[in-house]
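# Descriptive analysis of the structure
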Amino acid sequence: MLHFEWDESKNTENQQKHGVSFHLAQHAFADPQRVITEDLAHSSSEKRFYCFGKVESGILTVRFAYRKDNVRIIGAGFWRKGRKLYETENKIHK
């Protein structure tokens, strides 16, 4: 079972900027067809990742890091690039 954590001020900022709470973002990890990729553009001091998963009626992109035994959510939003990658990986044709 995954355990999630986040900075509450970052959560509030994310909700204002992207309209997505980190509480909702956790649900992307429950999608059995989720796609997880490493964020290669991030600094080398900490590995970061993206989770692309279906939440409600869309594909949610969640940026996160593994910290100890937790998944630390850093950002989330419904972005076209994430949806496209999810559809490509899952061979969904529209």
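Residues numbered from 1 in each chain as written. Predicted model: local features only at pLDDT ≥ 70, side-chain atom pairs only at ≥ 80, totals over all residues. Heavy atoms only, no water.

### Digging into the side chain of Glu 46
The test is simple: Under the DSSP-based scheme used, a helix requires at least four consecutive residues in state H or I and a strand at least two consecutive residues in state E, with every element numbered from the N terminus. Exposure classes here rest on a 1.4 Å probe applied to the protein chains alone. A residue is buried below 20% of its type maximum, exposed above 50%, and partly exposed in between. Between N or O atoms, a polar contact is any pair within 3.5 Å; within protein, one atom must be a potential hydrogen donor and the other a potential acceptor, and residues adjacent in sequence are included only when both atoms are from side chains. Contacts are assigned to residue pairs with any non-hydrogen atoms lying within 4.5 Å of each other.
In this fold, Glu 46 is placed in the loop between strand E2 (35-38) and strand E3 (49-55). With relative accessibility at 19%, the residue Glu 46 sits in the buried group. Side-chain polar atoms of Glu 46 contact the side chain of Arg 48, separated by 3.1 Å. At 2.7 Å, the side chain of Glu 46 forms a polar contact with the side chain of Arg 67. Excluding residues within four positions of it along the chain, Glu 46 makes contact with Ala 65 and Arg 67.

### Quick notes on the packing of aromatic side chains
Just so we agree on the cut-off: Between the rings of Phe, Tyr and Trp (Trp by its six-membered ring), a pair exists once the centres lie within 6.5 Å; its type follows the angle of the planes, with under 30 degrees stacked, over 60 edge-to-face, and the other angles tilted.
Tallied over the full model, the rule gives seven aromatic pairs. Three or more aromatic residues joined by ring pairs make a cluster, and in this case those are Phe 4, Phe 29, Phe 49, Phe 64 and Tyr 66.

### Focus: unusual backbone geometry
Although it is not a glycine, Glu 56 adopts a positive phi angle of roughly 55 degrees. Note on placement: Glu 56 falls in the loop between E3 and strand E4 (58-67). Glu 56 sits in the exposed class, given a relative accessible area of 63%. Of note in the backbone geometry, Lys 68 takes a positive phi value of approximately 55 degrees without being a glycine. Considering the arrangement of structural elements, one finds Lys 68 in the loop between E4 and strand E5 (70-77).

### As for the nonpolar core
Keep this limit in mind: What is meant by a nonpolar core is a set of buried Ala, Val, Leu, Ile, Met, Phe, Trp, Tyr and Cys residues, joined one to another through side-chain atoms within 4.5 Å.
Grouped together as the largest cluster of nonpolar side chains are 15 residues, with contacts concentrated most on Leu 60 and Val 62. Listed by contribution, the elements that provide at least two residues to this core are helix H2 (22-25), E3, E4 and E5. Among all residues touching Leu 60, those that are not within four sequence positions of it are Val 20, Leu 24, Ala 25, Ala 28, Cys 51, Phe 52, Gly 53, Val 55, Ala 76, Gly 77 and Phe 78.

### A short note on the sheet that holds strand E1 (residues 4-5)
Stated precisely, the cut-off is as follows: When DSSP finds at least two bridges between two strands, those strands are taken to pair. Between N-to-C directions, angles cover 0 to 180 degrees, with each direction set by a line fitted to C-alpha atoms, over the stretch in contact for helices.
An order of E1-E5-E4-E3-E2 is seen for the five strands of this open sheet, with the pairing classed as mixed. The open sheet terminates on both sides in strands that have one partner only, identified here as E1 and E2. On the sheet, helix H3 (residues 80-89) packs against E2, E3 and E4 and is oriented at approximately 80 degrees with respect to E3.

Bear in mind that shape data such as this cannot, by itself, settle questions of function.
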